[in-house]
Amino acid sequence: PGHGRITSPGGSPDPASTALAGARAGPAREAQGELVQRDPSSLSDAGRDLLLGSACVGCGAAGRVLCAACSAALPRRGRLSWPTPSPPGLAPPFAGGPYDGLLKALVNAHKEHAVLALAAPLGRVLGDVVRDLLVSLGAHGEPVLLVPVPSRGAVVRRRGHDPLLRVTRAAAVRLRRTGVGATA
């Protein structure tokens, strides 16, 4: 969905594809009896898929490691997420969403398969959650230090990278762009 679509004359395109391609689609052209709708981003994604064999971690669409539709589906807000049972004295736990579905797929691909391009979108989610936490505490604008939970050295060597350090650095960049003095 959201990529260039091919329909036969008189045929109807997939409604989801039509909705997502919408305004981005370029002019249609006839090609060997088929109507081809051009979408510049889908051509770029098709090239990435052809050259790199990449696909969206969330939905499998050819091209980017995170397509525009899946990126738009990522949480933009943090919220209180008390565990059950909640241990006494627990600081208010904020989360962007449950560790499930798209978020779980992104975290696992970044951590276990070194899909390094996912550090930025995961950092955006973390940055937005931290921003909302600061607002709820009445501390928006206060400087923050983001400290990743350290991985064991052997795990970092096996993975070849430190995924949480990458994500916290990306989150600090996101926070600084919103006016919060953040370091990681």
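So, a few notes on the structure that sits alongside this text. Keep in mind that this is a model prediction, so the values were computed, not measured. (Residues numbered from 1 in each chain as written. Predicted model: local features only at pLDDT ≥ 70, side-chain atom pairs only at ≥ 80, totals over all residues. Heavy atoms only, no water.)

For the rest of this paragraph, the subject is the environment of L133. Counting through the fold element by element, L133 comes out in helix α5 (residues 119-136). L133 gets classed as partly exposed once you look at its relative accessible area, which sits at 22%. For the pair formed by L133 and G78, sequence separation is 55 residues and the distance between their alpha carbons is 6.9 Å. Ignoring anything within four residues of it in the chain, the contact list for L133 reads P92 and F94. (Helix = DSSP H or I, 4+ residues; strand = E, 2+ residues; numbered from the N terminus. Buried < 20%, exposed > 50% of the residue type's maximum accessible area, 1.4 Å probe, protein only. Contact = heavy atoms within 4.5 Å.)

With that settled, consider a nonpolar patch on the surface. A contiguous nonpolar patch, built from L80, W82 and L90 and spanning about 280 Å² of accessible area, is present on the exposed surface. Along the polypeptide, L90 turns up in the loop between β4 (79-80) and β5 (94-95). By relative accessible area, L90 is classed as partly exposed at 34%. (Patch = residues over 30% accessible without salt bridge, like charges linked within 9 Å, V, L, I, M, F, W, Y side chains within 5 Å. Areas by Shrake-Rupley, 256 points an atom, 1.4 Å probe, with all protein chains shown as cover. Salt bridge = Lys/Arg side-chain N within 4 Å of Asp/Glu carboxyl O.)

One pass over the full model with this rule turns up 6 salt bridges. Between D132 and R77 there is a salt bridge, and its shortest N-O distance comes to 3.3 Å. Taken together, the residues D132 in helix α5 and R77 in the loop between α3 (68-73) and β4 connect sequence positions 55 residues apart. According to the relative accessible area criterion, R77 is exposed, its value standing at 58%. Notably, a salt bridge pairs D128 with R174, separated by 2.9 Å at the nearest N-O pair. Here R174 lies in helix α7 (residues 163-177) and D128 lies in helix α5, a separation of 46 residues in the sequence. Given the relative accessible area of 2%, D128 is considered buried. Note on R174: relative accessible area 27%, which makes it partly exposed.

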